[in-house]
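Chain by chain, the residues:
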Amino acid sequence: MQSLSKGPIGVFDSGYGGLTVLRDLVATLPENDFCYLGDSARAPYGNRSFATVYQYTLQCVEWFFKQGCPLVILACNTASAKALRTIQQNDLPKIAPHNRVLGVIRPTAEVIGQYTKKGKVGVLATQGTVTSESYPLEIAKFFPTLSVFQEACPMWVPLIENNEYLSEGADYFVKKHVEAILKKEKGIDVLLLACTHYPLLRPIIEKHLPQGVRLISQGEIVAASLADYLKRHPEISDRCTRRGELKFFTTDSAPDFDAHAAQFFGAPVRAYTVNLAGTVI
Ligand code: DGL
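Residues numbered from 1 in each chain as written. Predicted model: local features only at pLDDT ≥ 70, side-chain atom pairs only at ≥ 80, totals over all residues. Heavy atoms only, no water.

Colleague: Help me understand the site of the ligand in this model?
Modeller: Around the ligand lies a shell of 13 residues, among which Ser14, Tyr45, Gly46, Thr78 and Thr196 are the nearest. In this structure, a nitrogen atom belonging to the ligand sits 2.7 Å away from a side-chain N or O atom of threonine 196. Protein coverage of the free-state accessible area of the ligand, which is 300 Å², stands at 99%. (Near = heavy atom within 4 Å. Polar contact = N/O pair within 3.5 Å; in protein donor to acceptor, adjacent residues only side chain to side chain. Areas by Shrake-Rupley, 256 points an atom, 1.4 Å probe, with all protein chains shown as cover.)

Colleague: Please explain the pattern of salt bridges as it appears in this structure.
Modeller: It is possible for side chains of opposite charge to pair when their charged atoms get near one another. In this structure the tally under the stated criterion is 13 salt bridges. When the shortest N-O distance is used, the salt bridge between lysine 175 and glutamate 179 registers 3.2 Å. Taken as a pair, lysine 175 and glutamate 179 lie in helix H9 (residues 168-184) at a separation of four residues, close to a single helical turn. Judged by its relative accessible area of 37%, lysine 175 is partly exposed. On the basis of relative accessibility, which here comes to 37%, the residue glutamate 179 falls in the partly exposed class. One salt bridge in this structure joins arginine 232 and aspartate 228, with 3.0 Å as the shortest N-O distance. Linking arginine 232 with aspartate 228, this pair stays in helix H11 (residues 219-232), spanning four residues, or about one helical turn. Three or more residues joined by partner-sharing salt bridges are found here, namely Arg85, Arg106, Glu110, Glu138 and Lys141. (Salt bridge = Lys/Arg side-chain N within 4 Å of Asp/Glu carboxyl O. Helix = DSSP H or I, 4+ residues; strand = E, 2+ residues; numbered from the N terminus. Buried < 20%, exposed > 50% of the residue type's maximum accessible area, 1.4 Å probe, protein only.)

Colleague: What is the right way to read the environment of leucine 230 from this model?
Modeller: Structurally, leucine 230 is set in helix H11. Sequence-wise, leucine 230 and cysteine 240 are ten residues apart; in three dimensions their C-alpha atoms are separated by 9.2 Å. Other than its neighbours up to four places away in sequence, leucine 230 contacts Ile9, Leu29, Leu71, Ile236, Ser237 and Cys240. (Contact = heavy atoms within 4.5 Å.)

Colleague: Can you walk me through the environment of proline 268 in this structure?
Modeller: Residue placement: proline 268 occurs in the loop between helix H13 (254-265) and strand S10 (271-273). A relative accessible area of 76% places proline 268 in the exposed class. Distance from proline 268 to aspartate 258, taken between C-alpha atoms, is 7.3 Å for residues ten residues apart in sequence.

The values are spatial; any link to function lies outside them.
Following this line, the structure appears as structure tokens:
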């Protein structure tokens, strides 16, 4: 039998957002190698159809497998909502039955109930994630009595991707959606940033939050869940290389990626441009 590939853990997002998750993955699993791909050329994914998000995400997952990654984390809620299940159920058995692809929605749903005292959670996300109903459905599996209220924030990712997230315009759109979700139900005491881009808006969101409402981002939750997964799955963990190496790739301009990525990752980044046929430019 051909031996199974060994390699870094793949971390995927439509653009920069997944870097907010990668940051926590590296802090939690510093010995592991990680390979990040941002599909910046086609970001944002948030308003795209199911079919398009699925097609783009699958192409990226196949690219990770060509790099030898045994495990890929979709550090993108939109891709997790619209593509993960189909990839896990239909594609993986055919293209790489021994590899795994995991998302960020389930690990978040598994613990979100622990943060609320009043049992009322607000989910701020892209239009795609909201329309998919993935959060209400997943949260109900773990916390059936919890009430979940959603608000799509379609302008937030474009503002962040275009480096306008500290502008007055961003403040207007943040206030608008924070107020809108809190109006949906009295007593929401947890707001989940269910898009991996949104942690960059945290200081502005906090400015518009009344006291007693807690803001939760996903990085630490996903990192703890991955560490636990690797303990429970030695057959995958043993194939994840551990030299503490990080590699960054983008489907668009590498200098542009580097210029913005540091704000998300918290440290300088040197990326390479890749086309999805696998050629590093
Ligand atoms: N970071 C992605 C998410 O978590 C952003 C989606 C987008 O590209 O619009 O949903």
